[in-house]
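An overview of the molecular structure
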Amino acid sequence: MRINEEIRAREIRVVGDEGEQLGIMSGRDALNLAIERQMDLVEIAPNAKPPVCRIMDYGKYRYEQQKRDKEARKKQKTFDIKEVKLRPGIEDHDFDVKFKNAVRFLEDGDKVKITIMFRGRELSHPELGSILLTKMANKLGDLAVVERAAKLEGKNMIMIVSPKITK
C-alpha cells in the first residue's frame with residue numbers, strides 16, 4: 001500500500017476517515033487535508049479510475065490488520081501427518097495394534113501415512129503389501145478417506161488417508 005508522498009496520481013478520489021466521500025481532488029490537496037486532520041493518506045484502490053485514497057491513521061490500520069491476520073491463523077486447522085509402519089508378514093494382533101494407532105491419529109484430526117516396508121526378497125511380492133493396505137483402508141472405511149492410493153516407492157509401499165469431515 002502506498003501512503004502519503006508515495007501516491008503519485010494527479011487526481012484521486014478521497015474518502016474521509018468516517019467513510020464519507022470527499023470528492024475528486026489533486027494529490028497535493030488530499031495530502032494537505034490529511035495532514036490538517038493529523039492522519040495519513042492511504043491508497044486503497046490503486047487500479048480504479050481515478051485511484052481511491054482514504055484519510056486514516058495508518059499505524060492503527062496496520063495494527064488492526066495484523067490482529068485480524070493473527071486471529072485468522074489461529075482458526076486455521078493444520079494437519080499433521082502421522083505414520084504407521086507395517087511389514088508384509090505382520091501378524092493379526094500386531095496389525096490390530098497398528099490399526100488402533102491409525103484410528104487414534106484420525107480421531108485427533110491428523111492424516112495418516114501407512115507404510116509397508118519391504119526387505120530383501122519380500123520386494124518380489126508387492127501384492128502382499130497391496131493386500132495389507134487394502135485391508136487397512138477397508139477397516140478404516142467409516143473414519144477415513146484414501147487421499148493417495150497405495151504406491152510402491154523404492155522399498156516402501158505408501159498410502160495416505162485423511163479423516164472424513166463430518167458435519
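These figures come from a predicted structure and were not determined experimentally.

Right, let's get into the UniProt feature "domain: Translation initiation factor 3 C-terminal" (unreviewed entry) in the protein. Taken from the UniProt record, the annotation "domain: Translation initiation factor 3 C-terminal" (unreviewed entry) applies to residues 80-164. Secondary structure content for residues 80-164 is 35% helix and 36% strand, while the C-alpha to C-alpha distance between its ends is 15 Å.

This part takes up the confidence of the model for the protein. Put simply, the protein has an average pLDDT of 89, and 99% of its residues get 70 or more. Considering each helix and strand of the protein separately, the mean pLDDT is smallest for strand S3 (residues 40-45), with a value of 88, and largest for strand S6 (residues 111-117), with 95.

Moving on, we come to the sheet that holds strand S7 (residues 144-153). Pairing is mixed across the open sheet formed by 4 strands, whose spatial order is S5-S6-S8-S7. Two strands bound the open sheet, and with one partner strand each, they are strand S5 (81-86) and S7. Within the sheet, the average angular offset between the axes of one strand and its neighbour, ignoring direction, is 20°. Of the strand pairs in this sheet, S6 and strand S8 (residues 156-163) are connected by 6 bridges, and their pairing is antiparallel. Bridge pairing in S8 links Ile116 to Met157. With respect to the sheet, helix H4 (residues 126-139) is in contact with S5, S6, S7 and S8, its orientation differing from that of S8 by roughly 10°.

In terms of nonpolar packing, the biggest core is built from 22 residues, with Leu86, Val112, Ile114, Ile116, Met136, Leu140 and Val161 touching the most fellow members. Counting residues per element, the ones that place at least two in this core are S5, helix H3 (92-107), S6, H4 and S8. For Ile114, the contacting residues outside a window of four places in its chain are Val84, Leu86, Leu133, Met136, Leu140, Met157, Ile158, Met159 and Val161. In terms of nonpolar packing, the next biggest core, distinct from the first, is built from 10 residues, Val14, Ala30, Leu41 and Cys53 among them.

The rules we used
- Residues numbered from 1 in each chain as written.
- Predicted model: local features only at pLDDT ≥ 70, side-chain atom pairs only at ≥ 80, totals over all residues.
- Heavy atoms only, no water.
- UniProt positions renumbered as here; feature names shortened; annotations may be inferred.
- Helix = DSSP H or I, 4+ residues; strand = E, 2+ residues; numbered from the N terminus.
- pLDDT = per-residue confidence, 0-100.
- Pairing = 2+ DSSP bridges.
- Axes fitted to C-alpha atoms, helices over the stretch in contact; angles between N-to-C directions.
- Contact = heavy atoms within 4.5 Å.
- Core = buried A, V, L, I, M, F, W, Y, C linked by side-chain atoms within 4.5 Å.
- Buried < 20%, exposed > 50% of the residue type's maximum accessible area, 1.4 Å probe, protein only.

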